[in-house]
Amino acid sequence: MSTAAEARPEVPKPSQTPAARLIDDFERAVDAWAAFRDEAKDTRLAFDRDPQIKHGGAASLRVRYDLAPESWATCSLVYDQPRNWSGFQGLSLYLHAEKEGQPVTIVAYGGTSPDDLLLFEYRLKAGPSAVKGWQQIDVRWEQLKPAPWQGDGTGKFDPRSAMGVAFAFEPSEGDRNLDQLWIDDIPLR
Ligand SMILES: [Ca+2]
């Protein structure tokens, strides 16, 4: 860096506190998160903080799931009231997986109350970097698609009324799917 650049006064940034930017980094208890599952099937999902495998800080979120064919499960963070994320273009996170190609759907919840959630999805498969270490995933709001069973498929996520996020899992090929993956550091971007 040149001395001229060093001498330049720092330009104040728009006031977004770190707390407002961060969805979670799993450094504290994860009791705001909840597991939801297809209760008609023998499908399970469990999550906890993992102090052994982490991207940043002291722990990540480990999600373990055992999915019956044609079922689903989610690990969800649902807010009591909508939050305004319109100052951001999306969110990012770090993913660690056991297998390359392991599918996971990142969900942003819209709506106005926990009883009236809209689901918007970004489907991805873990790449080799997620198996070797941590894969950074960036999701822009416009990349989110309404859940297939929701409306006519043209709805858009409205970041002015965000109700939370989730990681959603479905069995890929009609078999049981028993897997686990890890998530860490989820900021708004
Ligand atoms: Ca962490």
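First things first, this report covers the structure right here in the doc. (Residues numbered from 1 in each chain as written. Predicted model: local features only at pLDDT ≥ 70, side-chain atom pairs only at ≥ 80, totals over all residues.)

**Description of the environment of arginine 37**
Next, step 1: The topology assignment puts arginine 37 in strand S2 (residues 33–37).
Next, step 2: Among the residues examined, arginine 37 registers 20 C-beta atoms within 10 Å and is labelled buried.
Next, step 3: Expressed as a C-alpha distance, the spacing of arginine 37 and alanine 73, which sit 36 residues apart in the sequence, is 4.0 Å.
Next, step 4: Among residues more than four places away in sequence, those in contact with arginine 37 are Thr43, Arg44, Leu45 and Ala73. (Helix = DSSP H or I, 4+ residues; strand = E, 2+ residues; numbered from the N terminus. Buried ≥ 20, exposed ≤ 12 C-beta atoms within 10 Å, placed from the backbone. Contact = placed C-beta atoms within 7 Å.)

**A closer look at unusual backbone geometry**
Next, step 1: A positive phi angle is found at phenylalanine 26, which is not glycine, with a value near 60°.
Next, step 2: Mapped onto the fold, phenylalanine 26 is located in the loop between strand S1 (22–24) and S2.
Next, step 3: By C-beta crowding, phenylalanine 26 is classed as buried, having 26 other C-beta atoms within 10 Å.
Next, step 4: We note that aspartate 185 has phi near 50°; this positive angle belongs to a residue other than glycine.
Next, step 5: In this structure, aspartate 185 sits in the loop between strand S12 (177–184) and strand S13 (186–187).

**Overview of the nonpolar core**
Next, step 1: Counting 43 residues, the largest nonpolar core has Val63, Leu95, Val107, Ala108, Tyr109, Phe167 and Ile183 as the members making the most contacts within it.
Next, step 2: Taken together, the elements giving at least two residues each to this core come down to strand S3 (44–50), strand S4 (60–67), strand S5 (73–83), strand S6 (90–97), strand S7 (103–111), strand S8 (117–125), strand S11 (162–169) and S12.
Next, step 3: The biggest single contributor to this core is S11, with seven residues.
Next, step 4: Other than its neighbours up to four places away in sequence, isoleucine 183 contacts Ser60, Leu61, Val63, Leu93, Tyr94, Leu95 and Phe167. (Core = buried A, V, L, I, M, F, W, Y, C linked by C-beta atoms within 7 Å.)

Structural measurements only, silent on function.
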